[in-house]
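A closer look at the structure
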Amino acid sequence: MNYRILTLVSRAKPLLDPGPSPGGLSSAEALAALGAFGRRLLWLLPVYLAGRSGLSVGFVLLGLAVYLGWKGARRGKERSLLAAKLLLGDERAAVRATAAGAGLGRELPAWVNFPDVEKAEWLNKILAQAWPFFGQYMEKLLVENIAPSIRASNTHLQTFTFTKIDMGEKPLKIMGVKVHTGANKQQILLDLNVSYAGDVQIDVEVKKFFCKAGVKGMQLHGMLRVILEPLIGDVPIVGALTMFFIRRPTLSINWTGMTNLLDIPGLSSMSDTMIMDSIASFLVLPNRLLVPLVPDLHEAAQLRSPLPRGVVRVHLLAARDLQSKDKYVKGLIEGKSDPYAIVRVGTQVFTSRVINENLNPTWNETYEFVVHEVPGQELEVELFDKDPDQDDFLGSGLEQGVGMWLGGQEGSSAGWETGFFCLFLGRILDPLPHLSPLHQVLQRNKGISSKPEPPSAAILVVYLDRAQELPLAKSGKEPNPIVQLSIQDVTRESKAVYNTISPVWDDAFRFFLQDPANEEVDIQVKDDSRQAGLGSVTVRLARLLSADELTLDQWFQLENSGPSSRQLDLSETTAYVGSSVDLPSRPTKSSPDAQFGMESVIRIHLLEAESLIAKDNFMGGMIKGKSDPYAKVRLGGQRFRSRVIKEDLNPRWNEIYEVIVNEIPGQEVEFELYDKDVDKDDFLGRCKVPLKRVLSSRFIDEWIPLEDVKSGRLHLKLECLPPTPSAAELEQVLMVNSLVQTARSEELSSTLLSVFVDRASDLPLRKGSKPPSPYVSLSVRDISYKSKVSSQTADPVWDEAFSFLIKRPHVESLELQVKDDGNVLGSLSVPLSQLLETEGLALDHWFQLSRSGPSSQILMRVQLGVLVSQHSGVEALSTPAAGEDEESLPRGSESELYIAEDGEAGSTQELRQRLPQTDSSSELSDSPLGQLRLTVWYHTDERKLIAVVHACRNLRSSSKEIPDPYVSLILLPDKSRATKRKTSVRKRTLNPEFNERLEWELPLEDVQHRKLEAYIKNSVSFMSREKEPIGKVRGGLYDLKDDKSSS
């Protein structure tokens, strides 16, 4: 923790430049005179040259006229530029000079003024245009950030939700802007007079208690200061924005729902005050909101919690001729008042004692205020009459410019409606950064009589950063740590950080000290939910007096912080407050929870619907049309939308979607059908399937009736695919996916990738040796996730898990980057093919980061699970086909595939060399040239003939060069372009892998009368004569039936 005593910076007077010494004409002046004489001689040069050339005098006059015109235009531009500079530099002087030149005199009319506060209508127009988008941001902020924090803060609020968020149409308005151009050239001060009287509507609900509440309309008025600091010599010129209210803004809220009770007199003012206290806790001085605009801002901590500008000591002396508020017998008998005063500077408030029955009270009390901003802060004083019910108001006063009191003004007074009071504003110099005047201050304070507290000799500033490795709560859950700091009888409390053992508070506290040498600060770290102690430490302030610059900035070890932290061996888990120095020994393996990698994948097959309602009617319903249906699918926060089927009450979509799910109770697979229209889509029905049913039964193939409509039903297939940590079935899964793949859907996933990011170590520091605030970005293909930010540490701990659907693990890779505010601290690429070669398809160790420090590493577990479908309609024949040996088959795919319903699996056909001088129908020779793996399938849902070309093995080429093979398929007897299909070319290989799907749109009756001929050809250059195919195979399709395949 940092303890800093305020310092006084003295300024030295500038030295004066000596004046010029008297003397005669210098050599520089002589050269200047000769130069002027030479320039005048040049004027005669054009006349001499014209006479020498025999030209007329008219040419000389023409040149002179052109020069004089150029000179006049140049002088006019210079005068215009000078007038613009004068107007922009001092508008008041420029207007007066113009008025004097016009004969209006130096005095301007009374209606001409130059206000310090300017209107900003242009800014209000920008706010009005951007207000709807600000509403979208607020909705996202409340739903994604605020609501989870509220649910985590209390077990009774676990069902808290925002049911409606509408920021309304009336935007925030800037009534005036005042710019302070002070002596500090590194900052710009803006005072914005903000006013908001909006039609905001925010409704919340706690379902557990059937409690609904909300806000409908709010007013907020106040002075918002914006500081542009620091100014830098690079875009965006401004390093950061600091915003805060100098004084507490006024607030009025219109409550709805159960919060209507807060509009009861008494409760209304109390609720508004509580909300204002919450706003003041983070947006009223000394609290600030910092928005960095550039990365690696070194001054961020100083800007967020700057040292105070100084201290003002206020002596509340007396008041005179106050009003009498205590009346009796309905006002017939006039009494007196029981006055007391409230003195306020920003959020600092003091209340005087009550003087009973006195209209001329004398308090003689002294208060000390910390001054944070000059100019801007004001001293507010209010007097009240103490009553049993509600105190009566006696008057108020406002003294602006607290900053000038620091210069030594000895007194001030302010008037009231029917009286006055007197304040003595004492002068307190800023404490010096050394000990020589401390004993003088202590000696002088002994002679000062001050009530209710003795005068202070110093100010202590405590900056609370963070804690690490705090003990868990008794229930084993992570605590909600808060910190209480106490000096004598003054206690300050930090905010609570929920559910963490490594909290970051990032807060500052200030204490007045009477005798620093004999005082100490007591620090207690507690669990906010149970107020149980998590650790404590006591620091004697005498250590500060011997420290360099009266500052301590280090780790402080906590005492009574759990069994492990009591041990003297620092290798044990010990709790500290501050930044990381002594950490426990790092683990060798990650520590995910037991459910890691156990997610399931739900494959949703949207097939068709029938008997839908006709929504497209014409001529007032006299002519009935049809509908243009499409479906919306929702599960686990993901949404899908099918294509639109035009004018069909029995549409067939045949689309497949995949979703990663966890076994969270209450989830449902939701389907909604709509009729696509030009204006608003019409509702065609909905249905739901509980996810628990899909997880338990593993497979559902049903017609489900649509709800909320008269007719209609939906045909669905839902399958649960648990991940299997074995690569033995991967090739079979890839082959099955190619068979069941639909034309309208994305490529099906074959594996599930689970990544657990544990921690990193020795990340590179920012510029200026400051620790970064790192987070992890992970991506596979175009899918990416981002971890939480671990604030200001080179050894972050994330403990987060992520899941990806992988289509082809042989060629895909996991890309990981560790970033700090957009800057890359390190990167890592993990090819998923590495996982296929490991036992259990998992890697769990420290990975070295590239583009990072020499010892920068990240600990994580990367795990694959194969998604094996048991209900695809495609099964495996475990024995190799005739004529094959195991070595000729691709690794992991020794089995043949065929359709389960009465299908037959033919052997892998051998390629035979074509006889010379024969056509394609010639017989093949007995010399084998290789093998082709080909699957043919008729898809009844899509009414298509599908051929999946898997691979070729052991090809031979007649030339010496390795061929570039591809496969060409032709449906005989036609040899037109419409019946030809071919794969892509594989470069320089005798064992090409294709796994490509080729299709023909033909009815089943036509397909059964055709033959399929496959050519394996070598792709050669256009000029080459080698156009002979490597080989071919032909097969009949007469045995092909519905949903059957031939291999």
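Residues numbered from 1 in each chain as written. Predicted model: local features only at pLDDT ≥ 70, side-chain atom pairs only at ≥ 80, totals over all residues. Heavy atoms only, no water.

Going by what an unreviewed UniProt entry lists, the protein chain is known as Extended synaptotagmin-1 and is assigned to Sphenodon punctatus. UniProt, in the comment section headed Sequence similarities (unreviewed entry), describes the protein chain in these words: "Belongs to the extended synaptotagmin family." The UniProt entry for the protein chain carries the following comment under Subunit (unreviewed entry): "Interacts with ESYT2 and ESYT3. Interacts with ADGRD1; inhibiting the G-protein-coupled receptor activity of ADGRD1. Interaction with ADGRD1 is abolished when cytosolic calcium increases, relieving ADGRD1 G-protein-coupled receptor activity. Interacts (phosphorylated form) with SLC2A4." (UniProt positions renumbered as here; feature names shortened; annotations may be inferred.)

**With respect to the overall build of the protein chain**
Within the protein chain one finds 14 helices and 56 strands. Counting all 1047 residues of the protein chain, 42% fall into the buried class. Contacts spanning at least 24 positions in sequence make up 63% of the contacts within the protein chain whose residues lie at least 6 apart. Of the roughly 58,500 Å² of accessible surface on the protein chain, 53% is carried by carbon and sulfur atoms. (Helix = DSSP H or I, 4+ residues; strand = E, 2+ residues; numbered from the N terminus. Buried < 20%, exposed > 50% of the residue type's maximum accessible area, 1.4 Å probe, protein only. Contact = heavy atoms within 4.5 Å. Areas by Shrake-Rupley, 256 points an atom, 1.4 Å probe, with all protein chains shown as cover.)

**Notes on unusual backbone geometry**
A cis amide bond links glutamate 229 with the next residue in sequence, proline 230, at an omega value of -5°. Between valine 235 and the following residue, proline 236, the backbone shows a cis peptide bond with an omega angle of 10°. One can find proline 236 in the loop between β5 (211-228) and β6 (240-245). One non-glycine residue, isoleucine 237, lies in positive phi territory at about 70°. Within the secondary structure, isoleucine 237 sits in the loop between β5 and β6. When its relative accessible area of 45% is taken as the criterion, isoleucine 237 is described as partly exposed.

**Some thoughts on a nonpolar patch on the surface**
Taken together, the side chains of Phe37, Leu41, Trp43, Leu44, Val57, Leu61, Leu64 and Leu68 present a nonpolar region at the surface, about 870 Å² in accessible area. Residue assignment for the nonpolar patch shows that the elements contributing at least two residues are α1 (27-43) and α3 (57-89). It is α3 that contributes the most residues to the nonpolar patch, 4 residues altogether. Positionally, phenylalanine 37 belongs in helix α1. Looking at phenylalanine 37, the relative accessible area reads 53%, which means it is exposed. (Patch = residues over 30% accessible without salt bridge, like charges linked within 9 Å, V, L, I, M, F, W, Y side chains within 5 Å. Salt bridge = Lys/Arg side-chain N within 4 Å of Asp/Glu carboxyl O.)

**Some remarks on the pattern of salt bridges**
Counting across every chain of the model gives 30 salt bridges. Between arginine 74 and glutamate 78 there is a salt bridge whose closest N-O contact spans 3.7 Å. A residue pair is termed a helical-turn pair when its members lie 3 or 4 positions apart in one helix, as arginine 74 and glutamate 78 do in helix α3 at 4 residues. One salt bridge in this structure joins lysine 944 and glutamate 999, with 3.2 Å as the shortest N-O distance. Of the two residues, lysine 944 is situated in strand β50 (residues 944-953) and glutamate 999 in strand β53 (residues 993-1000); the sequence distance between them amounts to 55 residues. On the basis of relative accessible area, lysine 944 is assigned to the buried category, the value being 12%. The class of glutamate 999 is partly exposed, set by a relative accessible area of 23%.

**Digging into the environment of proline 809**
Relative to the helices and strands, proline 809 resides in the loop between β41 (797-806) and β42 (813-820). Proline 809 sits 27 residues away from leucine 836 along the chain, and the two C-alpha atoms are 8.1 Å apart.

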